[in-house]
Amino acid sequence: MNTKIVKAFGTEAAHVPLHLMNIKRRELLPHDVEMDILYCGICHSDLHQVRNEFGGATYPIVPGHEIVGKVTRVGGQVKTFKPGEMAAIGCIVDSCGKCEYCEDDLEQFCDEGVTFSFNSPDKHLGGTTSGGFSETYVAKEKYVLQVPKILDLASAAPLLCAGITVYSPLKHWQAGPGKKVGIIGIGGLGHLAIKIAKAMGAHVVVFTTSPSKVEDAKRLGADEAVVSTDAEQLKQYNRKMHFIIDTVSAKHDVNTYLNLLRHDGAVVLVGLPPEALEVRAFSIVTGRRSFSGSNIGGIAETQEMLNFCGEHNITAEVEVIPIQQVNEAFKRLLKGDVRYRFVVDMASLKN
Ligand SMILES: [Zn+2]
Ligand SMILES: [Zn+2]
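What you are looking at is a predicted structure, and each value in this text was computed from that prediction instead of being measured.

1. Comments concerning helix H5 (residues 188-199)
Here's step 1: Across its twelve residues, H5 extends 17 Å between first and last C-alpha, which sits within 8% of the 16 Å expected from 1.5 Å per residue.
Here's step 2: By the criterion of burial, H5 is predominantly enclosed, with ten of the twelve residues buried.
Here's step 3: Considered for burial, the residues of H5 that qualify are Gly188, Leu189, Gly190, His191, Leu192, Ala193, Ile194, Lys195, Ile196 and Ala197.
Here's step 4: Residues of H5 that are buried in the fold lie against helix H4 (162-172), strand S10 (180-184), strand S11 (203-208), helix H6 (214-219), helix H10 (299-312) and strand S17 (341-345).
Here's step 5: In the stretch just after H5, glycine 201 is the one whose phi turns positive, near 100 degrees.

Right under this line is the structure:
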């Protein structure tokens, strides 16, 4: 297969900082779209995978899966994109296309396993896929998304993973008027969950360990914000919440939050703590409650989320950095020192 060499930022090992390297992109197949990457968000799972915290990482790794860019070329069979248009790529760049999950637009659960935008077996080139910390991306049209024109491109990038990760469970558990939706943690995921749940019409209560984020939660649209380390404050929400999105990526006590649910309510984990979490029997048998989880969404739902964000002008609050600062950004992300998402200006890769 013909390939093209492009610049990227990646690493050969967990302890080696990201640095400039060359990678291959495939030459266009008839259904492929090629884009010049303009912006790429930094997600917690980029960091987890670069550091091999889930195990199974294959190096070299070029991370990045919140990708927006400009279409440069399209294959002969491509119908929905033209050169010069804006486009986006999120977590998924391929799937089998024929299993029951793919047929139901749930590619994220594909029987054969989806191809993620980075560190997934590459069906075309062998090796593993390289992500958005690079000059270009080539993907099948079906997995390339339209970006509503109204959205600022840099701050729209985090919608591609963080946005769909919270939109999908908000939709599934029917956030809307009359529903009390809790959101644990105000980071990349949490701050978008506030905006999206509010736009869906829910009553939003934020639980944060940082008193300094209470005002920010309200500015972002939360109806109420509670310091979760204050047991007295928390007690007022016992048996009040319809469901709660848990965005915390470190070990924490979920039983505290299960007790805030009404009957049939659910705490839905979207953060990815590497350690196991403990659920006590009485936290769930009482009130027929559930502890559940959710991870990204299918391609159709991701497009639906982008359109919804376009209608409500929802984007992430971002700090835009050049790629040369990505290692520093990873360190700050670990400390939670970003409000609320780093986005790499990929033009800096040309420097
Ligand atoms: Zn992500
Ligand atoms: Zn499939």
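2. Considering the side chain of threonine 129
Here's step 1: If you trace the backbone, threonine 129 turns up in the loop between strand S7 (115-116) and strand S8 (136-140).
Here's step 2: Here phenylalanine 116 takes part through its backbone oxygen, which lies 2.9 Å from a polar atom of the side chain of threonine 129.
Here's step 3: In contact with threonine 129, other than residues within four places in its own chain, are Thr115, Phe116, Ser117, Phe118, Asn119, Ser120, Pro121, Asp122 and Tyr137.

3. Brief notes about the packing of aromatic side chains
Here's step 1: Taken as a whole and assessed by the stated rule, the structure comprises five aromatic pairs.
Here's step 2: Relative to phenylalanine 243, the ring of tryptophan 173 lies with its centre 6.3 Å away and its plane at 25 degrees, an arrangement referred to as stacked. With tryptophan 173 in the loop between H4 and S10 and phenylalanine 243 in strand S13 (residues 241-246), the pair connects residues that are 70 residues apart, well separated along the chain.
Here's step 3: Of note, arginine 25 hangs over the ring of tyrosine 137, and the distance from its end group to the ring centre comes to 4.2 Å.

4. Considerations on the coordination of the zinc ion (ligand 1)
Here's step 1: At this site the zinc ion (ligand 1) is bound by Cys43 (SG), His65 (NE2) and Cys161 (SG), with donor distances of 2.0 to 2.2 Å.
Here's step 2: Written as a sequence motif, the donor residues of the zinc ion (ligand 1) are C-x21-H-x95-C. With a gap of 96 residues between them, histidine 65 in the loop between helix H1 (44-50) and strand S4 (67-74) and cysteine 161 in the loop between helix H3 (153-156) and H4 connect regions that are remote in the sequence.
Here's step 3: Since its relative accessible area comes to 4%, histidine 65 is described here as buried.

5. A closer look at unusual backbone geometry
Here's step 1: Residue tyrosine 59 is joined to proline 60 through a cis peptide bond whose omega torsion reads 0 degrees.
Here's step 2: Position of proline 60 among the secondary structure elements: in the loop between H1 and S4.
Here's step 3: Following arginine 339, the chain continues to tyrosine 340 via a peptide bond in cis, the omega torsion being -5 degrees.
Here's step 4: Here tyrosine 340 shows up in the loop between helix H11 (326-334) and S17.
Here's step 5: Of note in this structure, asparagine 313 is not a glycine but carries a positive phi near 50 degrees.
Here's step 6: Structurally, asparagine 313 is set in the loop between H10 and strand S16 (318-322).

6. A word on the environment of alanine 13
Here's step 1: Along the polypeptide, alanine 13 turns up in the loop between strand S1 (3-10) and strand S2 (19-26).
Here's step 2: Once the C-alpha coordinates of alanine 13 and valine 50 are considered, the two residues, 37 residues apart in sequence, prove to be 7.7 Å apart.

7. Digging into the pattern of salt bridges
Here's step 1: This model, assessed by the stated rule, comprises 20 salt bridges.
Here's step 2: The shortest N-O distance in the salt bridge between arginine 51 and glutamate 53 comes to 2.9 Å.
Here's step 3: Note on glutamate 53: relative accessible area 31%, which makes it partly exposed.
Here's step 4: With its nearest N and O atoms 2.8 Å apart, the salt bridge here joins arginine 219 to aspartate 216. Residue arginine 219 and its partner aspartate 216 are both found in helix H6; the two are separated by three residues, about one turn of the helix.
Here's step 5: For aspartate 216, a relative accessible area of 13% puts it in the buried group.
Here's step 6: A cluster of three or more residues bridged by salt bridges with shared partners is formed by Lys195, Asp216, Arg219, Glu317 and Arg339.

8. As for H11
Here's step 1: Where H11 is concerned, the buried positions are Val326, Ala329, Phe330, Arg332 and Leu333. The buried side chains of H11 occupy one side of the element, clustering within an arc of 165 degrees when seen end-on.
Here's step 2: As for H11, its buried residues are in contact with S1, H1, S16 and S17.

What counts, and at which threshold
- Residues numbered from 1 in each chain as written.
- Chains lettered and ligands numbered in written order.
- Predicted model: local features only at pLDDT ≥ 70, side-chain atom pairs only at ≥ 80, totals over all residues.
- Heavy atoms only, no water.
- Helix = DSSP H or I, 4+ residues; strand = E, 2+ residues; numbered from the N terminus.
- Expected span 1.5 Å × (residues − 1).
- Buried < 20%, exposed > 50% of the residue type's maximum accessible area, 1.4 Å probe, protein only.
- Contact = heavy atoms within 4.5 Å.
- Polar contact = N/O pair within 3.5 Å; in protein donor to acceptor, adjacent residues only side chain to side chain.
- Phe/Tyr/Trp six-rings, centres within 6.5 Å; stacked < 30°, edge-to-face > 60°.
- Lys NZ or Arg CZ within 6 Å of the ring centre and 35° of its normal.
- Donors = N, O, S within 2.8 Å, 3.2 Å for Na, K, Ca; no water.
- Salt bridge = Lys/Arg side-chain N within 4 Å of Asp/Glu carboxyl O.
- Arc of directions from axis to C-beta.

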